[in-house]
Amino acid sequence: MQLGFKSVHPISAFAFFVFAFVLSMTASHPLLLAVSFITGLIYDIKLSGKKAVSFFLKIIMPMICLITFFNGIFSHYGVTVLFKMPSGNNFTLEALVFGFVFSIRTASALLWLNSFNEIITNDKFIFLFGRISPKTALVISMVLRFIPLVRSQSEEIKKAEKGVGNLPTEKDFIGKIRHGARRLSVLISWTLEKGIDSSDSMKARGYGLHGRTSFNSYSFSVKDALFLLFSLIASGIFFFVGTKYKSNYNPVIDIPMPDILATLLITVIAFVLLLPTLYDLREERKWSISK
Amino acid sequence: MVNFKINNLSFSYPDNKKKALKNINLTINQGEFIVVCGKSGSGKSTLLRMLKPELTPHGIKIGKITFFDSDKFSFRDSAEKIGFLLQNTEYQAVTHSVRSELAFGLENLGLDSKTIRLRIAEISAYFSLENIIDKKISELSGGQKQMVCLASILMMHPDVIVFDEPTSQLDPMATETLLNTVYKLCRENGITVIITEHRLESLIPIADRVIVIDEGEIISDTTPSEIPSELIKSNDFLSSAVPTSMRLHTDLELTSPVPLNVAQGRQMLSSLFAEKPKQTELDETNTERKTEYAVEAKDVFFAYDKSRYVLKGLGLKIKKGSFFALLGSNGAGKTTALSLMSGLIPCKQGKIKLFGKNIHKYKSDELYGKTIGVLPQKCESLFGGYTVREDLDKALTKSVPDKKERNEKITEVASFCEITDLLERHPYDISGGELQRAALCMVLLKEPQILFLDEPTKGMDNLFKKQFASKIKELNEEGITVVMVSHDTEFCAEHCDECAMIFDGMCALQAEKNKFFSQNFFYTTAANKIAREFFPLAVTERQVLELCRINLIS
């Protein structure tokens, strides 16, 4: 059994991530953007550690710079001209700033997606979509079984062909293409042939009887209800703050100054976005103390 | 309670006049442990599938099967009461995780999550699945997969489980674990077990009934010790499949009670030889081979990751033209050693020489095919065409451009491998053993000097093993070196020239086979275990039998 946010009911976790995604993709106010970006980064690092740091430095940072830069070069709207480019077009502050805003949106969405992949495991995914119909759940599960199986078989075919001496030489391009086609055909006939065993095994265990259910090992507790509630409240707040304090970047930069109420509400949003991190930390402390 | 009552059942497949099953009369009671045996194609699989309505093949069925004394036996009853375990470990598990696989059957029956959760808890405790319950199916070993499949059947609380060669893709350790579990289920929970296997060594001693099938007919249905000895002698499947002690008993034509296991076999010999036998050794002159080495490995180290070395300074010398076997437990590094020697994984530390030349110095197209050939474990991976001939032809296209020449060569090698009749068949229409011969044919077409085999006898019956070994002997005589990884002590003792034991990444022992096995106490053949008191150097059944005969006559 897992601790912290990983143990939260899939529906609550999913609701939280939907909120985080929508926020990071649609927010226009710099404060909101900063909140979603920073909290996203913190949770990603909390979950994946070094891997997340290197992802941030190697992918996120360059991406932010590139998007900002290219938007500055290729978009020419805005009133504040910084300088004229050799092509004769204007290089404007507005385009540059909007490029930055857009890149931060993409970056925070990516950061949250990373955490999403860590938290919403295949099992939770199947549970969420299995609610649509038990059949969907089974199909996803079977596909997930099938992918590694076919991959390992493909490796096996390659190894076998090499050992027998059927592989084409490095330079022989046509041979390589032919060989690829052959490998595919072996793979297909092998998979189809053995698939009969899968269907026998399914039939033998009563597949096709009426009234199939979908099993899950999740139970909904108080903490799950709280997580769900917080995500919903935060979504409501965001809807209010986001529309009221909508910022514009074209043709002029217009950022409404937040009053006390807005600052307070944004703090609430930030708190909710930080909840998984806080919850994980609390659980870790609890269990390391009792050790 | 009677589980199955079969009256005068005959069955034939569509478009086939020959009957697959003829006049079967059979009653199976609750709690029995029944072994069904017969050579491949005898109809035993068809019979087993008759016992599971969902899997009964299409065809013409005459006669009647009554299930559980009931006239209305629905598919739902069948799913609940009769479990069926197949041999294919990869494709039997259909979902991605252990947990969902366990739940699969109960979901089909429409049970709610709470009940399923309870049963998963129960089955995990019984099977000690705690360590793997959160894993994905693709992360499990073959033995674990088969265990999960068995557990997923037991989730449904069946009364009967039918096993169709459940261990043919497992190594001996996993086989032992599975069969022990099956035995426990039968004795402790009263579940009826109906099982087919081609290796009967470990099954006959624990069975209640042994049913022998030949040509679709039941020719014997008795307790293990009552199998008529004439039948063991005359039926070539039985004569090679029953335990060593039973075979010795039959071949020596004794009248004492039939020994079913090693312990009883030892007793049998003790009563035969009250005094110490005079001659305890056979003087077999071994043909001296030239001391030219085909494969030499020296100080080979290998690690898949930083934390653990699989091989730690392996050293081996394999003589040219010999049949060499690498033995050892699971994870000892046998397969890794084979992959390194055949160049399938590059050797980074240590030296591997083929015919005195470093393996790195061979060019890739010079190495594979011409110098070495590797027979894959799963021979399906070489065939994708419409006929066996097509695949063989394609494999040769590059080296022999002339079509006529190619055909001649295929004809020649195919007749050596005894697959001439199968050349025009589809690769998936022929049996596993035949497919292996076809794969061997493909390897041999390239005329390699060294042949590497990874557990070639897995899933073979003893009859076929003999044929396979004789092919290897012929290749040896032509000067081809054969190197094999195996778990099969009986096969190695009977047919190999030299054996090596790998333990902890090193070669613990490399010796001529008789010396090799007579030194071991646990890791040796059943014949050696039975006879070691009297004939310490005899490792094969043939040797024991000859020594017994010599001493009994004198």
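Only a predicted model underlies this, so the values are computations on that prediction, with no experimental measurement involved. (Residues numbered from 1 in each chain as written. Chains lettered and ligands numbered in written order. Predicted model: local features only at pLDDT ≥ 70, side-chain atom pairs only at ≥ 80, totals over all residues. Heavy atoms only, no water.)

Participant: Quick one: what's the story with the side chain of N476 of chain B, residue by residue and with numbers?
Facilitator: Residues and elements named next belong to chain B. Note on placement: N476 falls in helix α17 (residues 462-477). For N476, a relative accessible area of 8% translates into the label buried. The contacts of N476, once residues within four sequence positions are left out, are G321, S322, F323, T481, V482 and D497. (Helix = DSSP H or I, 4+ residues; strand = E, 2+ residues; numbered from the N terminus. Buried < 20%, exposed > 50% of the residue type's maximum accessible area, 1.4 Å probe, protein only. Contact = heavy atoms within 4.5 Å.)

Participant: Could you give an account of the interface of chain A and chain B, naming the residues involved and the relevant values?
Facilitator: Taken together, the 54 residues of chain A in the interface contact 65 residues of chain B. For the pairing of chain A and chain B, the buried interface totals around 5000 Å² over both sides, and the portion due to carbon and sulfur atoms is 55%. Where chain A meets chain B, there are seven salt bridges. With its nearest N and O atoms 3.0 Å apart, the salt bridge here joins D391 of chain B to R182 of chain A. Run the count over chain A and chain B and you get 29 residue pairs in polar contact (both at pLDDT 80 or more). Those elements that provide at least two residues to the side of chain A that touches chain B are α5 (122-130), α6 (134-164) and α7 (173-204) of chain A. Ranked by the residues each element gives to the side of chain A that touches chain B, the list is headed by α6 of chain A, at 17 residues. Considering only residue class, the side of chain A that touches chain B consists of 20 nonpolar, 20 polar and 14 charged. (Buried area = accessible area lost by both parts, 1.4 Å probe. Salt bridge = Lys/Arg side-chain N within 4 Å of Asp/Glu carboxyl O. Polar contact = N/O pair within 3.5 Å; in protein donor to acceptor, adjacent residues only side chain to side chain. Nonpolar A, V, L, I, M, F, W, Y, C, P; charged D, E, K, R; others polar.)

Participant: Explain the domain arrangement of chain B to me, and be specific about the residues and the numbers.
Facilitator: Residue and element names in this part refer to chain B. Taken as a whole, chain B is organised into domain 1 (30-55 + 74-242) and domain 2 (293-525). Each of domain 1 and domain 2 has a C-alpha centre, and these two points are 31 Å apart. Domain 1 puts 12 residues into the contact, and the matching count from domain 2 is 10 residues. Its largest share of buried area at the contact with domain 2, domain 1 owes to D171, H198 and S240, together 41% of the area lost on that side. The interface formed by domain 1 and domain 2 contains zero salt bridges. For the side of domain 1 that touches domain 2, the element with the highest residue contribution is helix α9 (residues 236-241), accounting for four residues. (Domains from an automatic or database assignment.)

Participant: Please provide a residue-by-residue account of the sheet that holds strand β13 (residues 349-354) of chain B, values included.
Facilitator: All names here are of chain B. Here four strands make up an open sheet; going across it, the order is β11-β10-β13-β14 and the pairing antiparallel. Looking at strand neighbours, the two that pair on one side only are β11 (308-319) and β14 (357-358), the edges of this open sheet. Pairing geometry for strand β10 (residues 293-305) and β13, over five bridges, is antiparallel. The residue bridging E296 from the neighbouring strand is K353, located in β13. Contacts from helix α12 (residues 334-341) reach β10, β11 and β13 within the one sheet, and its direction differs from that of β11 by about 60°. (Pairing = 2+ DSSP bridges. Axes fitted to C-alpha atoms, helices over the stretch in contact; angles between N-to-C directions.)

Participant: Would you mind going over the sheet that holds strand β17 (residues 481-485) of chain B in detail, with residue names and values included?
Facilitator: Residues and elements named next belong to chain B. On the basis of which strands lie adjacent, the open sheet formed by six strands has the order β15-β16-β17-β12-β18-β19 and mixed pairing. Only two strands of the sheet have a single partner each, and these edge strands are β15 (372-375) and β19 (506-512). Recorded for the sheet is a direction-independent mean angle of 20° between the axes of neighbouring strands. Bridge analysis of strand β18 (residues 498-503) against β19 gives six bridges, and the strand direction is antiparallel. Bridging from a neighbouring strand, E498 pairs with E512 of β19.

Participant: So, the pattern of salt bridges: which residues are in play, and what are the values?
Facilitator: As enumerated under the stated definition, the model contains 37 salt bridges over all chains in all. For E380 of chain B, the salt bridge goes to K194 of chain A, with nearest N and O atoms at 2.9 Å. In this pair, E380 of chain B is assigned in the loop between β15 and α14 (388-396) and K194 of chain A in helix α7, connecting two distinct chains. Residue classification places E380 of chain B among the buried positions, given a relative accessible area of 16%. In this structure, the salt-bridge partner of R282 of chain A is E283 of chain A, at a minimum N-O distance of 3.6 Å. Three or more residues joined by partner-sharing salt bridges are found here, namely E418, R437, K471 and E474 of chain B.

Participant: Please provide a residue-by-residue account of the nonpolar core, values included.
Facilitator: All names here are of chain B. Ranked by internal contacts, the top residues of the largest apolar core, which has 60 residues, are F33, L102, L150 and L238. Residue contributions to this core peak at seven residues, all from helix α6 (residues 142-154). Apart from the residues lying within four places of it in its own chain, the contact partners of L238 are C37, L200, V212, I227, L231 and I232. One finds L327, A439, A469 and F491 within the second-largest nonpolar core, a separate group that totals 52 residues. (Core = buried A, V, L, I, M, F, W, Y, C linked by side-chain atoms within 4.5 Å.)

Participant: Outline the environment of K135 of chain A, supporting the account with residue identities and numerical values.
Facilitator: Note that K135 of chain A resides in helix α6. Between the C-alpha atoms of K135 of chain A and I237 of chain A, which are 102 residues apart in sequence, the distance is 37 Å.

Participant: A description of helix α1 (residues 10-26) of chain A should follow, citing residues and the corresponding values.
Facilitator: An α-helical turn contains 3.6 residues, so a residue and the one three or four places further along point in the same direction. If you check α1 of chain A, its first and last C-alpha atoms are 24 Å apart, about what 17 residues at 1.5 Å a residue would give, namely 24 Å. When we look at burial in α1 of chain A, the residues that qualify are P10, S12, A13, A15, F16, F17, F19, A20, F21, L23 and S24 of chain A. (Expected span 1.5 Å × (residues − 1).)

Participant: A description of the packing of aromatic side chains should follow, citing residues and the corresponding values.
Facilitator: Residues and elements named next belong to chain B. According to the stated counting rule, one finds 35 aromatic pairs over all chains in the structure shown. Pairing F67 with F73 gives two aromatic rings, centres 4.9 Å apart and planes at 10°, and the pair type is stacked. Assigned by exposure class, F67 and F73 land together as buried. Above the face of the F68 ring, K81 is positioned so that its terminal group lies 5.2 Å from the ring centre. The ring of Y126 carries the charged tip of K184 above its face, separated from the ring centre by 4.7 Å. (Phe/Tyr/Trp six-rings, centres within 6.5 Å; stacked < 30°, edge-to-face > 60°. Lys NZ or Arg CZ within 6 Å of the ring centre and 35° of its normal.)

Participant: Please give an account of the packing of α6 of chain A against α7 of chain A that cites residues and values.
Facilitator: Residues and elements named next belong to chain A. The geometry of α6 relative to α7 is characterised by a closest axis approach of 10 Å and an angle of 135° between their N-to-C directions. With respect to α7, the axis of α6 lies oblique. Crossing geometry of α6 relative to α7 is assigned as right-handed. Contacts between α6 and α7 involve L138, M142, F146, V150, Q153, S154, E155, I157, K158 and E161 from the former and H179, R182, R183, V186, L187, W190, T191 and M202 from the latter. Considered class by class, the residues forming the contact of α6 with α7 number nine nonpolar, four polar and five charged. (Parallel < 35°, antiparallel > 145°, perpendicular 65-115°, else oblique. Left-handed = near helix turned anticlockwise from the far one by under 90°.)

Participant: Requested: an account of the state of the cysteines, with residues and values cited.
Facilitator: Residue and element names in this part refer to chain B. Summed over all chains, the structure comprises zero disulfides over all chains. The cysteine C379 is free of any disulfide, with C417 supplying the nearest cysteine sulfur at 11 Å. The class for C379 is buried, based on a relative accessible area of 5%. Counting only cysteine sulfurs, C441 is the nearest neighbor of C417, a cysteine outside any disulfide, at a range of 4.5 Å. Take C417: its relative accessible area is 1%, and that puts it in the buried class. (Disulfide = S-S within 2.5 Å.)

Participant: Give a description of the packing of α1 of chain A against helix α8 (residues 222-244) of chain A that names residues and reports values.
Facilitator: Residue and element names in this part refer to chain A. With their axes 8 Å apart at the nearest point, α1 and α8 run at an angle of 20° to one another. Between α1 and α8, the interaxial angle falls into the category roughly parallel. Crossing of α1 against α8: the hand is left-handed. Two secondary-structure elements touch here, α1 through I11, S12, A15, F16, F19, V22, L23 and T26 and α8 through D224, F227, L228, S231, A234, S235 and F238.

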